[in-house]
Amino acid sequence: MRNSKCFFIIALVACCLLSCYSNKRQTVGQSVAAYTDTQIDSLRFLYTHHYTENFNFVVRTDSLRLVRQMPEEVLNGLSVDSFTVGHDQRLVVADIRFIPSDMVDSVWIQLAADQANFGWIHESELLKNVDPDDPISQFISFFSNEHLLIFLIVVIMIFVGYTLRLLVKHNAHIVHFRDIDTFYPTLLALIVAISATIYSTIQLFYPDMWRHFYFHPSLNPFTQPFLLAVFLASVWLMVIVAIAAVDDTFRHLKVGEGLLYLLGLLGMCALNYVVFSVSTLYYVGYPLLIAYVTFAFWRYIHHTRSKYVCGNCGRQIHSKGQCPHCGTMNV
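We now turn to the structure provided with this report. Predicted, not measured: the structure shown is a model, and the values here were computed from it.

### Brief notes about the pairing of strand 5 (residues 107-112)
For step 1, the next point in the chain: Burial analysis of strand 5 places six of its six residues in the buried class, the great majority of the element.
For step 2, the next point in the chain: On strand 5, burial covers both faces: Val107, Ile109 and Leu111 on one face and Trp108, Gln110 and Ala112 on the other are all buried.
For step 3, the next point in the chain: One ladder, built from six bridges, connects strand 4 (residues 90-98) with strand 5; its direction is antiparallel. Counterpart to Ile96 in the pairing with strand 5 is Ile109.
For step 4, the next point in the chain: By the bridge criterion, five bridges tie strand 5 to strand 6 (residues 118-122) in an arrangement that is antiparallel. Residue Gln110 lies in a different strand from strand 6, and its bridge partner there is Trp120.
For step 5, the next point in the chain: Linking two consecutive strands that pair antiparallel, namely strand 5 and strand 6, is a turn of five residues.

### Some details on the packing of helix 8 (residues 184-205) against helix 9 (residues 207-215)
For step 1, the next point in the chain: At a closest axis distance of 5 Å, the pairing of helix 8 and helix 9 adopts a crossing angle of 110°. One element, helix 8, and the other, helix 9, form an angle in the roughly perpendicular class. Between helix 8, through Tyr199, Ile202, Gln203, Leu204 and Phe205, and helix 9, the contact on the second element is made entirely by Pro207, Met209 and Trp210.
For step 2, the next point in the chain: Per-class residue counts for the contact of helix 8 with helix 9 are seven nonpolar, one polar and no charged.

What counts and how
Residues numbered from 1 in each chain as written. Predicted model: local features only at pLDDT ≥ 70, side-chain atom pairs only at ≥ 80, totals over all residues. Heavy atoms only, no water. Buried < 20%, exposed > 50% of the residue type's maximum accessible area, 1.4 Å probe, protein only. Helix = DSSP H or I, 4+ residues; strand = E, 2+ residues; numbered from the N terminus. Pairing = 2+ DSSP bridges. Axes fitted to C-alpha atoms, helices over the stretch in contact; angles between N-to-C directions. Parallel < 35°, antiparallel > 145°, perpendicular 65-115°, else oblique. Contact = heavy atoms within 4.5 Å. Nonpolar A, V, L, I, M, F, W, Y, C, P; charged D, E, K, R; others polar.

Next comes the structure, spelled out in C-alpha cells:
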C-alpha cells in the first residue's frame, strides 16, 4: 500500500513538472500594426472558424468532390470540371473566398490535394467529410458519431449487466458494495464520473471552446482554458489512478479474484461514463454527481476502510472479533 501511494505521488508530480506553459503577452496595437489587412482577415476567420490557410485536413468519408474552376463559375451555371479525392487523402487549405450571393453557403474553401490538383468546395460540405490532420482530432470525431455512441451505450449496458451477473454468481468483490481495502478503485470510479460531467458541461455551455480544441488539440492542460484544463488534468489523473488501482488490487486479491474485481471496476467506470455524460446534458447530472460522491465516500468510510489491526498478525481488519487472516480473536 505504501509503495502504491509513493508511485501515485511521484507520477502526479512528474506529470506536473513535465508540462509546460507559455504566456507571451502582446498589446493589441502592436499586434494589429504587425499584420496586413489580408492577414487580419485571416486571423478573424481563424477566430470564428478555428482554422485558416495552410491548415491540414484528412478525408474521413469514402470520397470528396472538388471543383477546379472558381466558385463564381459554379454559381453562374457554367461548365466546370471536378475531381475526387479518396479516403485518408491529406488536403491543405490554399484559399478562402466569401461570396454573399451564394444562398447555400457563402464560404468557399480551396484545397490542395497535391502540387497539381487544386479544387473548391463549400465549407459546410467540407467539414462534414474531413477531420483535422491530427490523431486526437480524429479520435474525438470518431467517438462523436451519433450512431457509434448509441451502439456503445447498448454494448456498455449489456457488458455491465453480464459483469454484475458474473460477479454475483461467484460472490466476487465489487467496488462500492463488497469492496477491498484500498481507496484507488473508488477514486477511479469517481474521477470517471467527474470527467464525464465536465465533458458534457463543456459541450452544453461552451461548445465553441470544445470546437477550438477539436481543431487545435493538446494533451497539455496548462495551455488550455480553465474548464478544459480541468478536464484534461482529470484524464491524466484517471490514467495514474488506474495504474495504482490495478497494482493495489493484486496486492489484496489473488489473480483470478483480482481479474474479476477489475472487470467489475471496468463495468462501473463504463456505467458512470454513460450515466453522467448523458444526464448532465439534461442538467440531472449535477445533483446525481453530488449524490454519487457522497454515497461512494460513505460506503468506503463505513464499510470498506479497515479501522483495526489484528493483535496477532498485524493485518488490518474491519471490525473486532475473529481475524479473517489468522483466526485470532480481537476484543
